[in-house]
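# Fold and contact review
Each chain, letter by letter, is given below.
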Amino acid sequence: GGEARRYRRRGRRHRAHPRLAGNIAGGRWQRPPFHVALVIMHKPVEGASQRALERFTRRAQRAAGVRGEVSVLLASSRAVRGLNRRFRGVDQPTDVLSFPPLPGPDGRFAGDIVICGDVAARNARRFRHSTADELKILILHGMLHLAGHDHEHDRGEMARQEERLRRALGLRDTLIQRTAARRRR
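Here is a short report on the structure shown in this document.

Each value, and the rule that gives it
Residues numbered from 1 in each chain as written. Predicted model: local features only at pLDDT ≥ 70, side-chain atom pairs only at ≥ 80, totals over all residues. Heavy atoms only, no water. Axes fitted to C-alpha atoms, helices over the stretch in contact; angles between N-to-C directions. Helix = DSSP H or I, 4+ residues; strand = E, 2+ residues; numbered from the N terminus. Left-handed = near helix turned anticlockwise from the far one by under 90°. Contact = heavy atoms within 4.5 Å. Nonpolar A, V, L, I, M, F, W, Y, C, P; charged D, E, K, R; others polar. Buried < 20%, exposed > 50% of the residue type's maximum accessible area, 1.4 Å probe, protein only. Phe/Tyr/Trp six-rings, centres within 6.5 Å; stacked < 30°, edge-to-face > 60°. Parallel < 35°, antiparallel > 145°, perpendicular 65-115°, else oblique.

### Brief notes about the packing of helix α1 (residues 50–64) against helix α4 (residues 131–146)
- It is the contact of α1 with α4, at a shortest axis distance of 10 Å, that shows an interaxial angle of 35°. The handedness of the crossing between α1 and α4 is right-handed. Where α1 approaches α4, its residues Leu53, Phe56, Thr57, Ala60, Gln61 and Ala64 are matched on the opposing element by Ala132, Leu135, Lys136, Ile139, Leu140, Met143 and Leu144.
- Looking at the contact of α1 with α4 residue by residue, the class counts come to ten nonpolar, two polar and one charged.

### Considerations on the environment of leucine 97
- Topologically, leucine 97 is positioned in strand β7 (residues 96–99).
- Classification of leucine 97 as buried rests on a relative accessible area of 5%.

### Regarding the packing of aromatic side chains
- Applying the stated criterion across every chain, the model contains one aromatic pair.
- Their ring planes at 70° and their centres at 5.1 Å tell us that phenylalanine 87 and phenylalanine 99 sit as a pair that is edge-to-face. Residue phenylalanine 87 is found in helix α2 (residues 77–88), and its partner phenylalanine 99 is found in strand β7; the two are separated by twelve residues along the sequence.
- According to the relative accessible area criterion, phenylalanine 99 is buried, its value standing at 19%.

### Topic: the packing of α1 against helix α5 (residues 157–169)
- It is the contact of α1 with α5, at a shortest axis distance of 11 Å, that shows an interaxial angle of 135°. In terms of orientation, α1 lies oblique with respect to α5. In this structure, α1 crosses over α5, and the sense of that crossing is right-handed. Of the residues in α5, those touching α1 at Phe56, Arg59, Ala60, Ala63 and Ala64 are Arg164, Leu165, Ala168 and Leu169.
- Of the residues assigned to the contact of α1 with α5, the class counts are seven nonpolar, no polar and two charged.

From the geometry alone we can't say anything about function, so treat these as descriptive.
Written as structure tokens, this is what we have:
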């Protein structure tokens, strides 16, 4: 198309794809923002589609400003309990864990999110919505941790961001809202 710009790279002329044309500044290639989501369902969760969760993960990733590849693992209580014990010192399963990437040269990997399918299904029943909606709430929460937020130390910044993105992504509630409401009781 006519919107593609011509640019030089290593002495040869190339044509940029129209969607990438905006990533060429002063004749130099700039890596485009990319959002790659991989959902692995180690433990199948009733009512949850792998493709739908991958689409939602990419939307949440863009909304949270997380660039790179994000892997989401839906695992058993036993597996999540082991990870929670190893990395947080808490010997019980939890709903969601986030693992940012180790520092590396290319920055293509944004991190991992591990969700306990059993806890998600239990929470979905408790809060009277679908398991797929619960998984989306947990994916959004994990994504904000990958974006660098920490609700335990940020004076409500992550809670405000989660609330804003919840509305933008069409989710009913947020994990931080529910946890705060439970503590007030």
